[in-house]
Amino acid sequence: MVSPGTLRLLANLADGRIDECVPRIEAETGAVSHPAAAETLDTGDGPPTEVLESLARRDLLARAFEEKLYYCPDCAGEELTYTTACPSCNSPHTVETELLEHADCGRVELHAAFETEGEYGEYVCPGCEEALPSFDINTSSYRRYVCRDCDERVERPAHRLRCRECARVVTPRRAIERVCCRYSLDDVGKVWVETQLRAREATVEALEAKGFEVTIDTTVTGPAGDERPIHVYAEDDLLGDRVVAAIHEWPDVDAVSALRTAAQGSDARPLLVTTSGSIGAEAASLAADSDVALLRLTEDDTLERDHQTGGRPSERTTFLQRLTFAVRGT
Ligand SMILES: [Zn+2]
Ligand SMILES: [Zn+2]
Ligand SMILES: [Zn+2]
């Protein structure tokens, strides 16, 4: 099932009004948005990025990796910079430093700690206070990263990310990772949306043939006074007759329920058109209880009353169906 807003988005991608849905990353906040989708979808459709992602999961949209973004787990700030840090206290203030070890007593200290202010320029071990003629005698030198905050000494500092907003230093694993993608209509999606649009067109033609004035992709007022997007609205002023119609591949309970609510609010008759000719058992019984007229799109783009009750079309069936449409379309 797709909402009128989602169908509008797919139709715009199919006819080139939208080339592809490119993410925009706000320089200030790092928030990711999809402006083309946001402008096209209705508010009730939910967050645009989630809509695009769910269409990609249904293989209607192709996903292309754009980039990965990392956010601070504490303040959600987006500016994380790489830093090396002390593995013990996380302080980035670790500095590669030369250390000396006095062979006789084993004391290890910074180079500077061995220097004294003695007039003869002597060096003294800060541990055993033995005077050393030079650094080279009885000491060995090596380099370590020394933490200036907790004095931890390590061969290699740890890899960390530092948040520029809250200054917190975190392990890369703790950072929140978001994959950012661009979305375009693929061939399967193109065939799919063309089928949905043909079903909508067949619905419009059938209603116009009965003398209705028909509007597509519009809204009606729901029972609570809210605006409800619908695929087709038809009105016969003379007879005071109204129809709201929804187009779905395989209507589920939510689709039937949304149609029923829209019909109630506008005092119209609900009409449900499927492109698969199949409807879930639960949705079928809700449709029967709510006096929803059920029609299906036939292969020659007309509408007829004939439905199977069954599960969501399997990947394979759906694929073959699309293939049939694809072959027919060439
Ligand atoms: Zn430290
Ligand atoms: Zn010593
Ligand atoms: Zn932060």
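Chemist: Just checking my understanding: could you explain the packing of helix α1 (residues 4-14) against helix α3 (residues 48-57) for this structure?
Modeler: Two numbers describe a pair of packed helices, the interaxial angle and the distance between the axes. Interhelical geometry of α1 versus α3 gives an angle of 70 degrees and a closest axis separation of 12 Å. One element, α1, and the other, α3, form an angle in the roughly perpendicular class. The way α1 lies across α3 gives a crossing that is right-handed. Here Thr-6, Leu-9 and Leu-10 of α1 lie close against α3, whose contacting residues are Val-51, Leu-52 and Leu-55. Looking at side-chain class alone, the contact of α1 with α3 contains five nonpolar, one polar and no charged residues.

Chemist: Looking at this structure, how should I read the pattern of salt bridges?
Modeler: If the charged atoms of two oppositely charged side chains come close together, the side chains can form a pair. Within this structure, the stated rule accounts for 20 salt bridges. Measuring nitrogen to oxygen at the nearest pair gives 2.5 Å for the salt bridge that ties Arg-269 to Asp-241. In this pair, Arg-269 sits in strand β17 (residues 269-274) while Asp-241 sits in strand β16 (residues 241-248), placing the two residues 28 residues apart along the sequence. We classify Arg-269 as partly exposed; its relative accessible area is 46%. The structure contains a network of salt bridges with shared partners spanning Arg-107, Glu-109, Asp-151 and Arg-153.

Chemist: Looking at this structure, how should I read the packing of helix α5 (residues 253-265) against helix α6 (residues 281-289)?
Modeler: Packing of α5 against α6 brings their axes to within 8 Å, and their N-to-C directions diverge by 20 degrees. What the angle tells us is that α5 and α6 run roughly parallel. As α5 runs across α6, the sense of the crossing is right-handed. Of the residues in α6, those in contact with Val-253, Val-256, Ser-257 and Arg-260 of α5 are Glu-282, Ala-283, Leu-286 and Ala-287. Broken down by class, the residue content of the contact of α5 with α6 amounts to five nonpolar, one polar and two charged.

Chemist: What is the right way to read the coordination of the zinc ion (ligand 3) from this model?
Modeler: Angles at a metal have ideal values that depend on geometry: 109.5 degrees with four tetrahedral donors, 90 or 180 degrees with six octahedral donors. Within the protein, Cys-72 (SG), Cys-75 (SG), Cys-163 (SG) and Cys-166 (SG) serve as the donor atoms for the zinc ion (ligand 3), at 2.3 to 2.4 Å. With four donor atoms in place around the zinc ion (ligand 3) and angles of 100 to 117 degrees between them, the coordination shape is tetrahedral. Written as a sequence motif, the donor residues of the zinc ion (ligand 3) are C-x2-C-x87-C-x2-C. Of this pair, Cys-72 sits in the loop between β3 (61-71) and β4 (80-85) while Cys-163 sits in strand β11 (residues 158-163), and the two are 91 residues apart along the sequence. Across this residue pair, the class does not change: Cys-72 and Cys-163 are buried.

The rules behind each value
- Residues numbered from 1 in each chain as written.
- Chains lettered and ligands numbered in written order.
- Predicted model: local features only at pLDDT ≥ 70, side-chain atom pairs only at ≥ 80, totals over all residues.
- Heavy atoms only, no water.
- Axes fitted to C-alpha atoms, helices over the stretch in contact; angles between N-to-C directions.
- Helix = DSSP H or I, 4+ residues; strand = E, 2+ residues; numbered from the N terminus.
- Parallel < 35°, antiparallel > 145°, perpendicular 65-115°, else oblique.
- Left-handed = near helix turned anticlockwise from the far one by under 90°.
- Contact = heavy atoms within 4.5 Å.
- Nonpolar A, V, L, I, M, F, W, Y, C, P; charged D, E, K, R; others polar.
- Salt bridge = Lys/Arg side-chain N within 4 Å of Asp/Glu carboxyl O.
- Buried < 20%, exposed > 50% of the residue type's maximum accessible area, 1.4 Å probe, protein only.
- Donors = N, O, S within 2.8 Å, 3.2 Å for Na, K, Ca; no water.
- Tetrahedral: all angles 85-135°; square planar, octahedral: opposite > 155°, others 65-115°.

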